[in-house]
Amino acid sequence: MLTEYQQNLRDRCLAAPVMPAPEPWRPVLDNRTPIGGLLGIGFATDPGTGHDLAMVVSNDGHGLFDAFTGEKIARDRDPDTCMPDDVDLVCPGLGPVAGVPVRIAGLFGGGLHSGTSDGWTVHVVSPEWPHDRVLLSTGHGFHKGQAGETWWHVFDANYSELRAAGFSPSGQTLAVATSSDLSLWTRRAPH
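Residues numbered from 1 in each chain as written. Predicted model: local features only at pLDDT ≥ 70, side-chain atom pairs only at ≥ 80, totals over all residues. Heavy atoms only, no water.

Enquirer: Just checking my understanding: could you explain the side chain of His62 for this structure?
Expert: Relative to the elements of secondary structure, His62 occurs in strand S5 (residues 61–66). At a separation of 3.3 Å, a polar atom in the side chain of His62 contacts the main-chain carbonyl oxygen of Pro92. When near neighbours in sequence (up to four residues on either side) are disregarded, His62 contacts Met55, Val56, Val57, Ala74, Arg75, Asp76, Thr81, Cys82, Pro92 and Leu94. (Helix = DSSP H or I, 4+ residues; strand = E, 2+ residues; numbered from the N terminus. Polar contact = N/O pair within 3.5 Å; in protein donor to acceptor, adjacent residues only side chain to side chain. Contact = heavy atoms within 4.5 Å.)

The structure is reproduced here in structure tokens:
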């Protein structure tokens, strides 16, 4: 049985429609890049541009995307070379980060950053379990403010299993990975 407070939080989450992320966040590409059999995601930094790179691991290998432009930078179609190891949940980097181990969050465990240094947070809630919703917030988050003011329901995983949701270590990219697709949002570095 839910307490009155818990029921109010559940009702608030259920009432909020999916909405665009606020400024300064912007979606990358079509915001739902299909990746069948997605198992997990990790981040690295492009040594040439300084952009966040999103590495996606699937049943069909692994790929590397520029998280600022959405461009696919590298691809390895051999699934045996990219499964996260059992100890550190890392996969070998490829393309500009070849030889660099990349931590992967997803089906095998691990997690992405849940907050940024300047106060953005991401929450995964399940008011209609097993369907997950991803909330982006600032300030007090979804506990106090209103949807569209201090928190935004940016993703509803009602069609696919959520694998991971969170920020890159730089805090400049927000990623949501499901078993069937990848969504990225980015922002420019604060001045």
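Following the structure, the description resumes.
Enquirer: Can you help me understand the packing of aromatic side chains in this one?
Expert: Between two aromatic rings, the relevant description is the distance of the centres plus the angle of the planes. As enumerated under the stated definition, the model contains 5 aromatic pairs in all. An angle of 45° between the planes, with centres 6.0 Å apart, marks the rings of Trp120 and Trp152 as tilted. Taken together, the residues span a long stretch of sequence, with Trp120 in the loop between strand S9 (105–106) and strand S10 (121–128) and Trp152 in strand S12 (residues 151–157) at a distance of 32 residues. Trp152 carries the same exposure label as Trp120, and that label is buried. (Phe/Tyr/Trp six-rings, centres within 6.5 Å; stacked < 30°, edge-to-face > 60°. Buried < 20%, exposed > 50% of the residue type's maximum accessible area, 1.4 Å probe, protein only.)

Enquirer: How should the sheet that holds strand S11 (residues 131–137) be read in this particular structure?
Expert: The pairing of strands in a sheet happens through backbone hydrogen bonds and is either parallel or antiparallel. Across the sheet, 3 strands lie side by side as S10-S11-S12; this open sheet has antiparallel pairing. Since the sheet does not close on itself, it has two edges, and those belong to S10 and S12, each with one partner. Each adjacent strand pair in this sheet contributes to an overall mean axis angle of 30°, direction not counted. Direction of pairing for S11 relative to S12: antiparallel, over a ladder of 6 bridges. Bridging from a neighbouring strand, Val134 pairs with Phe155 of S12. (Pairing = 2+ DSSP bridges. Axes fitted to C-alpha atoms, helices over the stretch in contact; angles between N-to-C directions.)

Enquirer: Would you mind showing me how to read unusual backbone geometry here?
Expert: A negative phi angle characterises most non-glycine residues, just as the trans form characterises most peptide bonds. In this structure, Pro24 follows Glu23 across a cis peptide bond, with omega equal to 10°. By the element assignment, Pro24 lies in the loop between helix H1 (4–15) and strand S1 (26–27). Trp129 connects to Pro130 through a cis peptide bond whose omega is 15°. Of note, Pro130 is situated in the loop between S10 and S11. Backbone geometry at Leu89 places phi at a positive 55°, although glycine is not the residue there. When you line up the elements, Leu89 lands in the loop between strand S6 (72–76) and strand S7 (90–92).

Enquirer: Explain the nonpolar core here, please?
Expert: Within soluble globular proteins, side chains that are nonpolar tend to cluster in buried spots. Counting residues in hydrophobic clusters, the biggest one holds 24 residues, and the most contacted among them are Trp25, Val134, Leu136, Val154 and Trp185. Those elements giving two or more residues to this core turn out to be H1, S10, S11, S12, strand S13 (162–167) and strand S14 (173–178). Among the elements that line this core, the one with the most residues is S12, at 5 residues. Counting residues in each nonpolar core, the second largest holds 16 residues, with Phe43, Val56, Ala177 and Leu182 among its members. (Core = buried A, V, L, I, M, F, W, Y, C linked by side-chain atoms within 4.5 Å.)

Enquirer: When you look at the pattern of salt bridges in this model, what are you seeing that I'm missing?
Expert: Should the charged atoms of two oppositely charged side chains come close, the side chains can pair. With the rule as written, the count across this model stands at 4 salt bridges. Residue Asp156 pairs with Arg133 through a salt bridge whose shortest N-O separation is 4.0 Å. Residue Asp156 is found in strand S12, and its partner Arg133 is found in strand S11; the two are separated by 23 residues along the sequence. With respect to class, Asp156 is no different from Arg133; both count as buried. The network of salt bridges with shared partners includes Glu128, Arg133 and Asp156. (Salt bridge = Lys/Arg side-chain N within 4 Å of Asp/Glu carboxyl O.)

Enquirer: Looking at this model, I keep getting lost on the environment of Ala98. Mind explaining?
Expert: With respect to the helices and strands, the residue Ala98 is situated in the loop between S7 and strand S8 (101–103). For the pair Ala98 and Ala74, spaced 24 residues apart in sequence, the C-alpha to C-alpha distance is 9.9 Å.

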